[in-house]
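Chain by chain, the residues run as shown.
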Amino acid sequence: MAGNSKRKGAIKKTGKGNPTAGSGGRRRQGLEGKGPTPRAEDRPNHKKYKMAQAADRRQSGRPKRRNDDGPELVVGRNSVVELLRANVPVVSLQVAEGIDRDDRIREIFQLAADLHVPLLEVARVELDRITSGAVHQGIAAKLEAYDYADPDDLLDLAAERGEPPLVVILDGITDPRNLGAIVRSAAGFGAHGVVIPERRAAHMTAAAWKTSAGAAARVPVARATNLTRQIKAYQDAGLMVIGLAADGDVALPDTDLLDGPLAVVIGSEGKGLSRLVGENCDQLVSIPMSSTLESLNAGVAAGITLYAISQARA
C-alpha cells in the first residue's frame, strides 16, 4: 500500500524518461514573456481602437485636401461653370459617363470648347475615386499647381519696366478670396507682384483665381520661406517697407515714401501685422477713417493703399 501512494511534489517519469515537476517542464514555453503590451489604439477590443477606426471611416468619406504644390480638383456643376466663366486656367474636365446634360452641363461643354479645355469621359466609379468621394455631380475640373515666382523676380520685373519697385507683402492672410482681391488691386494699380508666406497663409487656389478676375495671370505671386528675412532682403535691395496698422505713426496721405522703391505689408483683418514683421517695417502707416470702424477688410485696405501710391507716383 505504501508502494502505490504518491508523495506530494514527487517527480513523475514521462514515457521518454524526461522528468517534469508540476508545470515547469511541459508548459515552460507558455510562461515566457510575449513582449511589450500593445498600445490601446492597436488592440481591437479596446475603446480607443474602435474610436480610431470610426474616425478613419468618417475621414475616408470626405474629399482629401490637396497638397499645396499639387494639382487641385474643383467639383460640382456650379463650381465648374463659375471657373470657366472667370477664365481660370483649367487643364482638363473629367466627365462621368452618361451624365445628364442639363443647362449647366451644356454651358460647361460650350465654355470648354471656346477655351480649348479637353473633356475626358470617365466611369462614375473612377470619378468617385479621384475626387475622394466628394459630391461631384458627374463633373470635376483639374487645375495645375500655381507656378509661384521667386521674390527677387518681382524686382527684376520692375527693372525691366524701368519703374521703381512696388511689392505687396501679405502677413497672415488666410482667406484665398482676400488674396485674389489683393492680386486684382495689385494689377489695377501697377504693383509688380505679391509676396505670401509658404506656411499658414492663403495660396493661389481656385477661389483666389476666381476673385482675382483674371489678374492672377498678369501679376506674379511669389512665396517666401520667412517674411522677416524677405523684408530685410528687400531693404538691402533699396526698398522702403511700410506696414499698414490701425495705430500707425503716419496717416497714409502724409507719408513721403510712396513714390520711391516700396514694399507694402498688409496684415490680417483680425490680428493685423505680426510682431516681428511690424518691428522690421521702416514705417507704420494708418488709413484715416471718419467712423469708429476698427479695421478694414484686407482686400479693401490694399486697394485704398495702392490707389494712394499710384496717385503719389503719377
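## Thoughts on the overall build of the protein
Within the protein, the regular secondary structure consists of 10 helices and 13 strands. Here the protein, with 314 residues, has 40% of them falling under the buried criterion. Total accessible area on the protein stands at roughly 18,700 Å², and carbon and sulfur atoms take up 48% of it.

## So, the pairing of strand β3 (residues 72–75)
Burial of the side chains of β3 is restricted to one face: E72 and V74 are buried, whereas none of L73 and V75 on the reverse face is. Pairing geometry for β3 and strand β6 (residues 139–143), over four bridges, is antiparallel. Paired with L73 across the two strands is K142, which belongs to β6.

## What about the side chain of D102?
Turning to its location among the elements, D102 is positioned in the loop between β4 (92–96) and α3 (103–115). Within polar-contact distance, the side chain of D102 engages the backbone nitrogen of I105 at 2.9 Å.

## Things to note about the side chain of N178
As for its position among the elements, N178 is in helix α6 (residues 176–188). Residue contacts for N178: discarding those within four places in its chain leaves I173, N297, A298 and G299.

## Some remarks on the environment of E107
Within the fold, E107 resides in helix α3. As for E107 and L84, which are separated by 23 residues in sequence, their C-alpha atoms are 9.5 Å apart. Those residues in contact with E107, other than ones at most four positions away along the chain, are V81 and R85.

## A short note on the sheet that holds strand β12 (residues 262–267)
The strand order across the open sheet built from seven strands is β9-β8-β7-β12-β10-β13-β11, with neighbouring strands paired in parallel fashion. In this open sheet, the two edge strands, each paired with only one partner strand, are β9 (221–224) and β11 (250–251). Note that strand β7 (residues 166–171) and strand β8 (residues 193–197) share three bridges and pair parallel. Residue pairing across strands places V167 opposite G193, the latter belonging to β8. Sheet strands touched by helix α10 (residues 298–313): β7, β10 (240–244) and β12. Its angle to β12, the strand with the most contacts, is close to 160 degrees.

## Comments concerning the pattern of salt bridges
Under the counting rule described, the total for this entry stands at nine salt bridges. For K210, the salt bridge identified is with E82, shortest N-O distance 3.3 Å. Taken together, the residues K210 in helix α7 (residues 206–212) and E82 in helix α2 (residues 77–85) connect sequence positions 128 residues apart. The class for E82 is partly exposed, based on a relative accessible area of 38%. Several salt bridges converge on common partners, so that one network encompasses R77, D102 and R104.

## With respect to the pairing of β6
Moving residue by residue along a regular strand, the side chains alternate between the two faces of the sheet. Along β6, four of the five residues are buried, which leaves the element largely enclosed by surrounding structure. With four bridges connecting them, β4 and β6 associate as antiparallel partners. Residue pairing in the sheet places S92 in a bridge with K142 of β6.

## What to know about the packing of α6 against α10
Where α6 meets α10, the closest approach of the two axes is 8 Å, and the angle between their N-to-C directions is 10 degrees. Considering the angle they form, α6 stands roughly parallel to α10. Contact residues: α6 offers N178, A181, I182, S185 and A186, while α10 offers A298, G299, A302, G303 and L306. Its residues assigned to classes, the contact of α6 with α10 shows six nonpolar, four polar and no charged.

Cut-offs and rules
- Residues numbered from 1 in each chain as written.
- Predicted model: local features only at pLDDT ≥ 70, side-chain atom pairs only at ≥ 80, totals over all residues.
- Heavy atoms only, no water.
- Helix = DSSP H or I, 4+ residues; strand = E, 2+ residues; numbered from the N terminus.
- Buried < 20%, exposed > 50% of the residue type's maximum accessible area, 1.4 Å probe, protein only.
- Areas by Shrake-Rupley, 256 points an atom, 1.4 Å probe, with all protein chains shown as cover.
- Pairing = 2+ DSSP bridges.
- Polar contact = N/O pair within 3.5 Å; in protein donor to acceptor, adjacent residues only side chain to side chain.
- Contact = heavy atoms within 4.5 Å.
- Axes fitted to C-alpha atoms, helices over the stretch in contact; angles between N-to-C directions.
- Salt bridge = Lys/Arg side-chain N within 4 Å of Asp/Glu carboxyl O.
- Parallel < 35°, antiparallel > 145°, perpendicular 65-115°, else oblique.
- Nonpolar A, V, L, I, M, F, W, Y, C, P; charged D, E, K, R; others polar.

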